[in-house]
Amino acid sequence: MGIAGVGRDNLRAVAVDGDFAMRPDDLRRQMVADRAAGLLPFFVVATIGTTSSTALDPIRAIGEVCREFGVWLHVDGAMAGTAALCPEFRHIQDGLELADSYAFNPHKWMFTNFDCDCLWVADRAALIRALSILPEYLKNAATAAGAVIDYRDWHVQLGRRFRALKLWFVIRHYGVEGLRAHVREHVRLGQQFAAWVAADPAFELAAPAPLNLVCFRLREGGDEANRALLERLNASGKLYLTHTVLDGRYTLRMSIGGTLTEERHVLAAWKEITHEE
Ligand SMILES: Cc1ncc(COP(=O)(O)O)c(C=O)c1O
């Protein structure tokens, strides 16, 4: 919003449900209100796995609202989007055919070195129209004949690294079954960790854990106790957790997606988390 010059005061946060997922009814309500106020909503971002909690926005219902209002829908699949490699997790993308663009990060959960983001657009012409520049010194026969795709026209800068190459090697190395095996194992470990949290009376789950990210906290001691726990864990040098705030409360985040992470690491982490409680 800042880069496009739209201004943060024109940015709308849409209400979320009890699972922290976007509420399509509130999206619709805000669009109607903005239209009535003479404003023109034009862009919606929904998320398949929000950063904080992996909340999965209902893409189909959001997409239908966007179609109704003629608004561009971008779906951000950051980390969780990788799960869609596995047929059994592909439901997270339900309604994605209503999106105008979609992105996910192989650098987060597809064993690819930082940085690597995959971007898909339904109609590349719209993107190219907005971003293409063709000064004299860039003109060439291949471009003029439409024989090549000039990816420089797909993003803001002109220069471009060849990130697709390393992703190609990752895909060749693991194969689709290898990638799926890792994703499935990480989800299994995430669910295992969530079960340990749920079974321990000192802890609670702070949000649904649909995949490989588990948000949890100590029941007692409030934010102070949880902050102290995070600091102790990270200072131990044995594991590294990040935190967020959910429902106004400090929350720890366990994310399982490292190439070499195994069950023994997750178990060791849980022991480290619980040993002083
Ligand atoms: C939902 C979401 N979108 C996008 C990003 C950032 O993606 P990139 O590294 O491609 O800018 C993150 C990273 O934390 C994220 O959680």
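Residues numbered from 1 in each chain as written. Predicted model: local features only at pLDDT ≥ 70, side-chain atom pairs only at ≥ 80, totals over all residues. Heavy atoms only, no water.

### Considerations on the nonpolar core
Ranked by size, the top nonpolar core spans 43 residues in total, and within it Val44, Ile62, Leu73 and Val75 carry the most contacts. Elements represented by at least two residues in this core include exactly helix 1 (24-36), strand 1 (43-47), helix 2 (59-69), strand 2 (72-76), strand 3 (101-104), helix 6 (163-199) and strand 6 (213-218). For this core, the two domains that each supply at least three residues are domain 1 (8-122) and domain 2 (175-274). Apart from residues lying up to four places away in sequence, Val44 is in contact with Met22, Leu27, Met31, Ile62, Cys66, Val71, Trp72, Leu73 and His74. Ranked by size, the runner-up nonpolar core spans 23 residues in total, among them Phe203, Leu218, Leu233 and Trp270. (Core = buried A, V, L, I, M, F, W, Y, C linked by side-chain atoms within 4.5 Å. Buried < 20%, exposed > 50% of the residue type's maximum accessible area, 1.4 Å probe, protein only. Helix = DSSP H or I, 4+ residues; strand = E, 2+ residues; numbered from the N terminus. Domains from an automatic or database assignment. Contact = heavy atoms within 4.5 Å.)

### Quick notes on the side chain of Asp153
Looking at where Asp153 falls in the secondary structure, it is placed in the loop between helix 5 (141-144) and helix 6. Within the structure, the side chain of Asp153 is placed 3.1 Å from the side chain of Arg152, a separation counted as a polar contact. Ignoring anything within four residues of it in the chain, the contact list for Asp153 reads Leu127, Ile128, Leu131, Ser132 and Ile133. (Polar contact = N/O pair within 3.5 Å; in protein donor to acceptor, adjacent residues only side chain to side chain.)

### A few points about the sheet that holds strand 6
Taken together, 4 strands build an open sheet; the order of strands is 5-6-8-7 and the sheet is antiparallel. With partners counted over all chains shown, the strands left at the sheet margins are strand 5 (203-205) and strand 7 (242-246), one partner each. Pairs of neighbouring strands in the sheet enclose a mean axial angle of 40°, with direction left out of account. Summarising the sheet, strand 7 and strand 8 (residues 249-255) pair through 5 bridges and their orientation is antiparallel. The partner of Thr242 across the bridge, within strand 8, is Arg253. Where helix 7 (residues 222-236) meets the sheet, it contacts strand 5, strand 6, strand 7 and strand 8, and its direction lies at approximately 30° from that of strand 8. (Pairing = 2+ DSSP bridges. Axes fitted to C-alpha atoms, helices over the stretch in contact; angles between N-to-C directions.)

### Topic: the domain arrangement of the chain
Domain annotation for the chain reports domain 1 (8-122) and domain 2 (175-274). If you average the C-alpha positions of domain 1 and of domain 2, the two centres end up 24 Å apart. Contacts between domain 1 and domain 2 engage 21 residues on the former and 24 residues on the latter. Of the roughly 1900 Å² buried between domain 1 and domain 2, counting both surfaces, carbon and sulfur atoms make up 70%. Of all residues in domain 1, the largest losses of buried area upon contact with domain 2 belong to Phe20, Trp109 and Phe111, amounting jointly to 33% of the total for that side. At the boundary of domain 1 with domain 2, the tally comes to 1 salt bridge. (Buried area = accessible area lost by both parts, 1.4 Å probe. Salt bridge = Lys/Arg side-chain N within 4 Å of Asp/Glu carboxyl O.)

### Regarding the pattern of salt bridges
Under the defined criterion, the tally for this structure stands at 22 salt bridges. Put simply, Asp115 and Arg161 hold a salt bridge, and the shortest N to O gap is 3.0 Å. Linking Asp115 in the loop between helix 3 (106-109) and strand 4 (118-121) with Arg161 in the loop between helix 5 and helix 6, this pair joins segments that are 46 residues apart in sequence.

### Observations concerning the sheet that holds strand 4
In a beta sheet, neighbouring strands are held together by backbone hydrogen bonds and run either parallel or antiparallel to one another. Taking strand neighbours across the sheet as the criterion, the 4 strands line up as 1-2-3-4 in an open arrangement whose pairing is mixed. Since the sheet does not close on itself, it has two edges, and those belong to strand 1 and strand 4, each with one partner. For this sheet the average axis-to-axis angle between neighbouring strands, irrespective of direction, equals 15°. By the bridge criterion, 5 bridges tie strand 1 to strand 2 in an arrangement that is parallel. Within strand 2, the residue paired with Val45 across the bridge is His74.

### Quick notes on a nonpolar patch on the surface
A surface patch of nonpolar side chains, about 430 Å² in accessible area, is lined by Met1, Leu11, Phe42, Phe43 and Val45. Position of Phe42 relative to the elements: it lies in the loop between helix 1 and strand 1. (Patch = residues over 30% accessible without salt bridge, like charges linked within 9 Å, V, L, I, M, F, W, Y side chains within 5 Å. Areas by Shrake-Rupley, 256 points an atom, 1.4 Å probe, with all protein chains shown as cover.)

### Concerning the site of the ligand
The local shell around the ligand consists of Thr51, Asp76, Ala78, Asn105, His107, Lys108 and Asp117. Interatomic distance of 2.4 Å between a side-chain N/O atom of Asp76 and a nitrogen atom of the ligand. Note that an oxygen atom of the ligand is positioned 3.0 Å from one of the side-chain N or O atoms of Asn105. Relative to its free-state accessible area of 400 Å², the ligand is covered by the protein chains to the extent of 58%. Here the residues of the shell around the ligand are counted per class, giving 1 nonpolar, 3 polar and 3 charged. (Near = heavy atom within 4 Å. Nonpolar A, V, L, I, M, F, W, Y, C, P; charged D, E, K, R; others polar.)

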